[in-house]
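A look at the structure
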Amino acid sequence: MSSLENFTSTMSYPENATLKEGEKVILGKGGKETATYADLKASDELHQMHGFGHPLMQHALVVFESGEGAVLKDVNGDEYLDALAGITVSHLGHGRADLAQVAFEQMTKLEASSNQRNLTNNNAIKLCERLSGLAGRVFPEKMTGSRVYLTAGGGEGIEAAYHLALRFWNKSGPLGTPYGRGYKKQKVISFRNCYHGSTFIPASLKPEFSDYGWKRWMEGHDRDVFESNSHRMFCHIDPPHELFLEKNKMKPGENVGQAAARQLEERILHEGAKTVAAFVFEPVQGDGGAVDMHRDFFPLAEEICKRYGILMIADEIMTFAKTGHWFGMELYGVCPDIMVISKGLTCGYLPAGAVIYRNDLWNTAFNKTLPKLALSDVWQHDYTWSGHPVCSAVALRALDIIENENLIELCAKRGQEFLKILKSELDGLHVVQQVRGTGVMLGVDLISDIAVDVEQVLLEYGVVLRASTNKHCLLLTPPYAMTEEQFKKVAKSLRKVLNSFTTLAESAISKPRQS
Ligand SMILES: Cc1ncc(COP(=O)(O)O)c(C=O)c1O
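Looking at an unreviewed UniProt entry, the protein carries the name PLP-dependent transferase, with the source organism given as Periconia macrospinosa. In its Sequence similarities (unreviewed entry) section, the UniProt record describing the protein reads: "Belongs to the class-III pyridoxal-phosphate-dependent aminotransferase family."

Written out as structure tokens, the structure reads:
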């Protein structure tokens, strides 16, 4: 029985679990790992909660133990081609001793220090300088001298970026644009089919999430209240992509880029420009299925945001060093006001992220008007792991490797090769609607909501990729370290699995696309 059948048909805990709830599992006694797969699986079912998961999904558990290059190995010794690069983080592949050595050396020197107020460490300073320099090199006009706030992950970077946007508007006014101070500029516009993280603000940016975030909070209120300008904080527009922008919203003569830009302007006007603080977007939607945007959109969006005083926050958490450019916004030649990066920053070896904030925004946001600092002058925001010395040291080394080995160029080249392979391998499958790719972010759009099933069955073929939360896209983000031969195997396995779905007559109609 396939893992797919296991998790779609088993509606109770499996009979064959080694232990039952409440029984004690002690793994790795004395620090020595002695646990078998069965022990680990039983313990997992009893103790661990998986993200985007459900206990029933844990039945078809895969327990990874080691990795090298683009290959992962599980505790049973089975190998997998990692077309997901960890979780779109391991650009340089698994098992690099040079990065581990940097972490080891830094841990033995200084494992942690505060990064609050006037305290920091040498690595955090160097990393901020490096990222500010990188952003300034790529976008000299707007990002020269940019300020950097370090985080441990992506979603918390989005939270910080939003807070910094609000801070800018709170402090602007006489110094900034005519909008800002005196107005409640706090609404945010985002794209449908986005993913910005799972904490409250990022979850609220995704309209499809309904059990957490602002949408949930608004449930129970009258529709009138939900729709009224003063209560709605989060609003959405269609992404400018031929498969994701609703065609009935287009006007004659418009392309999807122009139609989405018009939607953005109409949305701002509907909400009231005085209330909208920021527009948050991924340059290429990651979880959404490697959805790149129509090239006309961002230049138009930039003009619109400037006209109405709206900050552009680019979520570069997944796109950083993944699209064949350092930043995804280079694809469109548009510099945002704030960029949030993470994932590839340490190439998976430790958690880290950063918010990159235009210097002129910073000047306004941290302007002080009174001789003494008031409470409102201080940015009331911090994360314990911000500027962690070991994470920062690893990030610096990862950036060195990417830069010294010209890996951004390699990423662009690999991406084109992989896309060609994927397109030719999946050609003619009726279950496939579109194969697309930007750098090593590749997406397969299916005609029905079977992506999770495909993801699960592929594990049996020794291939790891990811189904989008929209359920009809597959996302592949292989490490640069993956070879063409390895990628051909990934594509062939995917063809076999999709083909098996194609031959199931009901595949297209059993799970019709919801979006
Ligand atoms: C584009 C994007 N934004 C935000 C996030 C959230 O990052 P984190 O899981 O580190 O909070 C992710 C994670 O996959 C992402 O892909």
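On we go.
A short note on the site of the ligand
Close to the ligand lie 13 residues, the nearest being Gly153, Gly154, Gly155, Gly197 and Ile317. The class makeup of the residues in the shell around the ligand is three nonpolar, seven polar and three charged.

Notes on the confidence of the model for the protein
Reading predicted coordinates in detail is not appropriate for stretches of low pLDDT. Of all residues in the protein, 86% attain a pLDDT of 70 or more, and the chain-wide mean is 90. Considering only residues more than four positions removed or in separate chains, one finds that residues 1-14, a stretch of pLDDT under 50, has 22 contacts.

Digging into the packing of helix 11 (residues 256-271) against helix 12 (residues 297-308)
The geometry of a pair of packed helices is captured by two quantities: the angle between their axes and the separation between those axes. Relative orientation of the contacting elements helix 11 and helix 12 amounts to 15 degrees, with a least axis distance of 8 Å. Judged by the angle between their axes, helix 11 and helix 12 are roughly parallel. Classified by chirality, the crossing of helix 12 by helix 11 is right-handed. Within the contact between the two elements, helix 11 uses Gly257, Gln258, Ala260, Ala261, Leu264, Glu265 and Ile268 and helix 12 uses Phe297, Leu300, Ala301, Ile304 and Tyr308.

Looking at unusual backbone geometry
A positive phi angle, close to 65 degrees, is found at Asn193, a residue other than glycine. Within the secondary structure, Asn193 sits in the loop between strand 5 (187-191) and helix 8 (200-205). Residue Asn193 is classed as buried on the basis of its C-beta count, with 25 C-beta atoms lying within 10 Å. Residues other than glycine seldom take positive phi values, yet Ala321 does so here, at roughly 60 degrees. Among the secondary structure elements, Ala321 is positioned in the loop between strand 10 (311-316) and strand 11 (338-341). Looking at Ala321, the number of C-beta atoms within 10 Å reads 27, which means it is buried.

Side note on helix 5 (residues 122-138)
The first and last C-alpha atoms of helix 5 sit 25 Å apart over 17 residues, in line with the 24 Å expected at 1.5 Å per residue. Turning to helix 5, its buried residues number three or more, namely Asn123, Ala124, Leu127, Cys128, Leu131, Ser132, Leu134 and Ala135. Here the buried residues of helix 5 occupy an arc of 165 degrees about the axis, which is enough to place them on one side. The outward face of helix 5, more than 90 degrees from its buried face, is lined by the exposed residues Glu129 and Arg137. Residues of helix 5 that are buried in the fold lie against helix 6 (140-143), strand 4 (147-151), strand 11, strand 12 (353-357) and helix 14 (389-404).

Let's talk about helix 7 (residues 155-171)
For helix 7, built from 17 residues, the straight-helix expectation of 24 Å at 1.5 Å per residue is met to within 8% by its first-to-last C-alpha distance of 24 Å. Within helix 7, 15 of the 17 residues are buried, leaving the element largely enclosed by the surrounding structure.

Looking at the pairing of strand 12
Counting buried positions along strand 12 yields five of five residues, so the element is predominantly enclosed. The alternating pattern of strand 12 places Gly353, Val355 and Tyr357 on one face and Ala354 and Ile356 on the opposite face, and all of these are buried. As paired strands, strand 4 and strand 12 are joined by five bridges and run antiparallel to one another. When the sheet's bridge partners are listed, Arg147 is paired in strand 12 with Tyr357. With four bridges joining them, strand 11 and strand 12 adopt antiparallel strand pairing. Of the residues in strand 12, the one forming a bridge with Ile338 is Tyr357.

Rules and cut-offs
- Residues numbered from 1 in each chain as written.
- Predicted model: local features only at pLDDT ≥ 70, side-chain atom pairs only at ≥ 80, totals over all residues.
- UniProt positions renumbered as here; feature names shortened; annotations may be inferred.
- Near = placed C-beta within 6 Å.
- Nonpolar A, V, L, I, M, F, W, Y, C, P; charged D, E, K, R; others polar.
- pLDDT = per-residue confidence, 0-100.
- Contact = placed C-beta atoms within 7 Å.
- Axes fitted to C-alpha atoms, helices over the stretch in contact; angles between N-to-C directions.
- Helix = DSSP H or I, 4+ residues; strand = E, 2+ residues; numbered from the N terminus.
- Parallel < 35°, antiparallel > 145°, perpendicular 65-115°, else oblique.
- Left-handed = near helix turned anticlockwise from the far one by under 90°.
- Buried ≥ 20, exposed ≤ 12 C-beta atoms within 10 Å, placed from the backbone.
- Expected span 1.5 Å × (residues − 1).
- Arc of directions from axis to C-beta.
- Pairing = 2+ DSSP bridges.

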